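Notes for the structure review
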Amino acid sequence: MPASSAIPNRQLTLNLFIYPGGHHEAGWRYPGSDPQRLNDAAYYQELAQKAEAAKFDAVFFADGPALPDNIRYASRFRYEPLTLLTAIAAVTSRIGLIGTASTTYYEPYNLARLYASLDHISGGRAGWNIVTTSASNAGANFGLPENPSHADRDARASEFVDVVTKLWDSWEDDALVADPVSGVLADDAKIHAIEHIGRHFRVKGALNAPRTPQGRPVYVQAGSSDDGRSFAARYAEAIFTAHQTLASAQSFYADIKKQTAALGRNPDHVRVLPGISPYIGSTEAEAKALFEEFNALIQPAFSLAQLKQMIGLDLTGHDLDGPFPRHLIDTSGPLGVASRFRLVLDIVDREKPTIRQLIERLAGARGHYVVVGTPEKIADEIQTWFENGAADGFNVMPPWLHGGFEVFAAEVLPILRKRGLFRTEYSGTTLRDHYGLPRPDSQFATAERATA
Ligand SMILES: Cc1cc2nc3c(=O)[nH]c(=O)nc-3n(C[C@H](O)[C@H](O)[C@H](O)COP(=O)(O)O)c2cc1C
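The following refers to the structure shown. (Residues numbered from 1 in each chain as written. Predicted model: local features only at pLDDT ≥ 70, side-chain atom pairs only at ≥ 80, totals over all residues. Heavy atoms only, no water.)

Side note on the pattern of salt bridges
When the charged atoms of two side chains with opposite charge come close together, those side chains can pair. Under the counting rule described, the total for this entry stands at 23 salt bridges. Arg 10 serves as the salt-bridge partner of Asp 392, at 3.1 Å between the closest nitrogen and oxygen. Of this pair, Asp 392 sits in the loop between helix H11 (375-387) and strand S13 (393-396) while Arg 10 sits in the segment before strand S1 (13-18), and the two are 382 residues apart along the sequence. The exposure class of Asp 392 is buried, given its relative accessible area of 1%. Look at Arg 10 and you get buried, because its relative accessible area is 13%. Here Glu 351 ties to Arg 361 by a salt bridge, and the two come within 2.6 Å at their closest N and O atoms. Highlighted residues: Glu 351 in helix H9 (residues 339-351) and Arg 361 in helix H10 (residues 355-363), separated in sequence by 10 residues. The class of Glu 351 is partly exposed, set by a relative accessible area of 38%. (Salt bridge = Lys/Arg side-chain N within 4 Å of Asp/Glu carboxyl O. Helix = DSSP H or I, 4+ residues; strand = E, 2+ residues; numbered from the N terminus. Buried < 20%, exposed > 50% of the residue type's maximum accessible area, 1.4 Å probe, protein only.)

Below you can see the structure in the form of structure tokens.
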């Protein structure tokens, strides 16, 4: 078995990936999901407090600057993540706060201010999930005829990350003086205009806020295609990913760690975090019944729309209990490079499902790993991936909320703790502390030191 990292007393990184109503596409309909509260900030604040009480590393909010076209059946409306995370920061003190923001639909200076503010306000708990927004209907909200191509989005994303990194470094750590006696508020020799001129951006800088507690928010990324992996190897400190099998997760893990090392980075400073969606029962049969109960709530119109988003094929009108029409899939199209497309194709080729079996499979967590079983079985799966070079931890994706998380915290965490695999107490205060990541120096301070 491929070795995992050599970190002594290595422990799991666990994030709570929050989706309104839960990750099963019909999770909001499950008894106890309280859908009337999805539009109430306290619903999310309380959930984050529960994750903090469980000593989780972070809460994570996905995002896209457009209303999904299948809102009729699914709880896919969203608060803007940083606004919500700031409300959560006010009622928590240790849990990390990871929010998504798009390099395609933000300007670097604005985004830099938002994450710097969250990191200051939270005492160093901010994380940025860097996405380029693959949602095809986003461009129309920004005056674009269509969503820019994968390649254009990626090119802009690299320059974008370079610019915001310079902005977060533009104040050296000791630039803020605040000395009423001398009357010096800031040592402006330690505040640097970044003077960035690039293909996509011209940004003078400096940022209009002092350097943050973490120096920079934690850089998270979630792309798994070849382009996505090379971007991750260059920038990411945590990588969210979706895998159906141990083997697929192991090959991704090994590739990312190899690419990161090849760029001279420490592979232990990149946390690989697959998604896991647990359906927990006190017996196998009970857990299976729970999973079936959720699938009985799905609405095929929504599931087929979601499948179309992943593989570009609309199967409306096809016999759901007939074999999946593999021959209709166009592997040469633009979707063909995307990791989720490949993941669905692998399921079809490996398991030869009917259309209904496939949509039920994806209903659980959109292609992320669904585990159905007793708390021991869930803990065993987590331990196997963790100890065999497939994961440094997980994005936990409860099928429904808050109940699905409460069961995981009450039933699975004690087993993981008994096995020494998860913390019993926080040992640090920032997200970088929780993830075991170094605090980066300001590149301007480093440059100064180099020429001194
Ligand atoms: C756990 C996870 C979370 C993601 N969150 C978002 C998100 O919030 N917003 C978004 O536009 N894309 C999100 N994505 C999609 C990725 O950013 C990326 O577009 C997708 O994985 C395809 O990447 P690829 O083309 O490199 O395969 C997420 C993906 C994963 C695995």
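Structural notes on empty space enclosed by the protein
If a probe the size of a water molecule is rolled over the atoms, the empty space left behind becomes visible. Following the criterion strictly, the structure yields 3 cavities of 30 Å³ or more and no others. By volume, the largest cavity amounts to about 100 Å³. Every residue along the wall of the largest cavity is listed here: Ile 18, Pro 20, Leu 38, Tyr 44, Phe 61, Ala 62, Phe 77, Arg 78, Tyr 79 and Leu 84. Split into classes, the residues belonging to the lining of the largest cavity amount to 9 nonpolar, no polar and 1 charged. Quantified by volume, the second largest cavity comes out at close to 40 Å³. Together, Glu 25, Ser 303, Gln 306, Leu 307, Met 310, Ile 359 and Leu 362 line the second largest cavity. (1 Å grid on protein atoms, 1.4 Å probe; cavity = no way out; pocket = protein on both sides within 12 Å on 5 of 7 lines; lining within 4 Å. Points joined across faces, edges and corners; volume = space filled by probe spheres on them. Nonpolar A, V, L, I, M, F, W, Y, C, P; charged D, E, K, R; others polar.)

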